[in-house]
Amino acid sequence: MVARAEETFFTHLECSRTGESYEKGEIQHVSRAGAPLLARYDTARARASFQPDALTGRPFNIWRYRELLPLANTSDILSLGEGGTPLLQAHRQGARLGLSCLYIKDEGLNPTASFKVRGMAVAVSMAVALGAKELAVASAGNAGGALAAYAARAGLPAHIVVPRDAPRGSVAEAEAFGAEVTYVDGLIGDAGRLVAERSERHGWYDLSTLKEPYRLEGKKTMGYELFEQLDRTLPDVILYPTGGGTGLVGMWKAFDEMEALGWIGSGRPRLVSVQSTGCAPLKRAMESGALACTPWGNAATIAPGLRVPKALGDFLILRALRETKGRAVAVTDDELMKASRALTETEGIFACPEGGACLAALESLVDESWVGKDETVILFNTASGAKYF
Ligand SMILES: *Cc1c(COP(=O)(O)O)cnc(C)c1O
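Counting from 1, residues in each chain are numbered in the order their sequence is written. It should be noted that, the model being predicted, local features are given only for residues of pLDDT at least 70 and side-chain atom pairs only at 80 or more, the latter also being counted only at that level, while totals for whole chains, interfaces and linings use all residues. Side-chain calculation: all heavy atoms of the structure are included, whereas hydrogens and water are not.

Caption draft 1: Spatial organisation of the site of the ligand. The environment of the ligand is made up of 17 residues, and the closest members are Lys-116, Tyr-240, Gly-243, Gly-245 and Thr-382. Polar contact is defined as a pair of N or O atoms within 3.5 Å, subject to the rule that within protein one atom must be able to donate a hydrogen and the other to accept it, and that residues adjacent in sequence are counted only when both atoms are side-chain atoms. A distance of 2.8 Å separates an oxygen atom of the ligand from a polar atom in the side chain of Lys-116. Here an oxygen atom of the ligand and a backbone polar atom of Gly-243 are 2.7 Å apart. Across the complex, the protein chains shield 95% of the 380 Å² of accessible surface that the ligand would expose by itself. Only DSSP runs of H or I reaching four residues or more are called helices, and only runs of E reaching two or more are called strands; each is numbered from the N terminus. Counting residues per element, the ones that place at least two in the shell around the ligand are strand 10 (237-241) and helix 9 (246-260). Split into classes, the residues belonging to the shell around the ligand amount to five nonpolar, nine polar and three charged. Consider each residue's heavy atoms; a residue with any of them within 4 Å of a molecule or strand counts as near. Only the protein chains shown count as cover for residues, and all accessible areas are computed by the Shrake-Rupley method using a 1.4 Å probe. Ten residue types, Ala, Val, Leu, Ile, Met, Phe, Trp, Tyr, Cys and Pro, are classed as nonpolar, four, Asp, Glu, Lys and Arg, as charged, and the remainder, Gly among them, as polar.

Caption draft 2: Inspection of the packing of helix 9 against helix 11 (residues 314-323) at higher detail. The contact between helix 9 and helix 11 brings their axes to 9 Å, and the two run at 55°. Classified by the angle between their axes, helix 9 and helix 11 sit oblique to one another. The element helix 9 and its partner helix 11 pack so that their crossing is left-handed. Listed contacts from helix 11 to Leu-248, Val-249 and Trp-252 of helix 9 are Leu-316, Ile-317, Arg-319, Ala-320, Leu-321 and Glu-323. Each axis is a line fitted through C-alpha atoms, and for a helix only the stretch in contact is used; angles between axes span 0 to 180 degrees, taken between their N-to-C directions. An angle below 35 degrees is treated as roughly parallel, one above 145 as roughly antiparallel, one from 65 to 115 as roughly perpendicular, and anything else as oblique. Crossings are assigned a handedness: left-handed for a near helix turned anticlockwise from the far helix by less than a right angle, right-handed for a clockwise turn. Whether two residues are in contact is decided by their heavy atoms: any pair within 4.5 Å suffices.

Caption draft 3: Main features of the domain arrangement of the protein chain. Start and end points for every domain follow an automatic or database-based domain assignment. Assigned domains within the protein chain: domain 1 (10-76), domain 2 (87-114 + 215-388) and domain 3 (116-206). Measuring from the centre of the C-alpha atoms in domain 2 to the corresponding centre in domain 3 gives 24 Å. With 21 residues of domain 2 at the contact, the number on the domain 3 side is 23 residues. Together domain 2 and domain 3 conceal approximately 1,800 Å² of surface at their shared face, both sides included; 56% is due to carbon and sulfur atoms. Buried area is understood as the total, over both parts, of accessible area removed when two parts are fitted together, assessed with a 1.4 Å probe. When the buried area of domain 2 at its contact with domain 3 is split by residue, Arg-215, Arg-307 and Lys-387 rank highest and sum to 38% of it. Think of a salt bridge as a Lys or Arg side-chain nitrogen and an Asp or Glu carboxyl oxygen that are within 4 Å of each other. Taken together, domain 2 and domain 3 are joined by four salt bridges. Between Arg-307 and Asp-165 there is a salt bridge, with the nearest N and O atoms lying 2.8 Å from each other. Here domain 2 and domain 3 share eight residue pairs in polar contact (both at pLDDT 80 or more) between them. Counting residues per element, the ones that place at least two in the side of domain 2 that touches domain 3 are helix 7 (214-219) and helix 8 (221-229). In terms of residues, the side of domain 2 that touches domain 3 owes the most to one element, helix 7, which gives four residues. Of the residues that constitute the side of domain 2 that touches domain 3, the class distribution is eight nonpolar, five polar and eight charged.

So, in structure tokens, the structure goes:
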């Protein structure tokens, strides 16, 4: 059987805590248990026709995996060419650390210069297809810019709520796309509460992290891309700068789907969550054996994407780290800024602070010999440094 152009194997949504099923044809946010919803696909049927060779000749962007994305009709896709970012070997940093296979996935090359577009492209396309009329998000900066771009493309109003100290670049970007930006004196969680309140009152569609199921689907494409870019293998270690954890949980989900499709076996990359010492709730939970995080008090870090005191999907992140024999590592702001400058100056990749955090964390893991010299290691540079002025 050959998949038709508009076909998806999407079947339903499932509560990530209880496994309860939800209809895919209606607007859904979180489950009745208050947990993120996960999109599920008929992988048994997909297995017969959707093998890696089916991707040959398709454009290198997130929609090459459309059978495993939730959009029913390709005509509903709102795209700015998101995804398909380069996987670059880091020769000079690799030599310095004694690693022969160190790569950087440079997500700064996406539209709006951050990887948030992967999730927003899918989530906004779905929101519009399901009838949403006004869009809203709580953001540290990049999610707001990304939502604003797709809202402009869809011709819908967007409301962005950010902490008062969010980077100017991303706020100016959201405003340029015509979004309404509101500041809160507080952190991302406070922004989230305001968005939830106003969404309830005004009927906005809340696209805050894991408050709807489809940003995760867009982010999971990073896992599929790594598989293709590494000649249909997976790396040994992935370092991911973690805030809400959508990308990390997304890749973990992608690997499970790929196994169900028969693309890979049961082996998994060791997933590493990188945080700042000023906000490291995942590291603390990993060390105490907790299944969820306790909110990090007075969270403070120069890396806005990492300043998440407690993520809605924390229990999923912790499961992904433990099941893959991974780690949570925290680095200081000083270390992550130095590392982002080093990455920029030695590799020609304009690194963001969050991307620098991954390099700084890798240094400590190499020092501990937790990473082997011949292992394939991926660092995520999640946005362009150009956005942080
Ligand atoms: C949002 C963001 C992160 C964190 O991503 P999550 O998937 O929410 O953990 C990291 N880096 C940058 C630059 C971001 O914008």
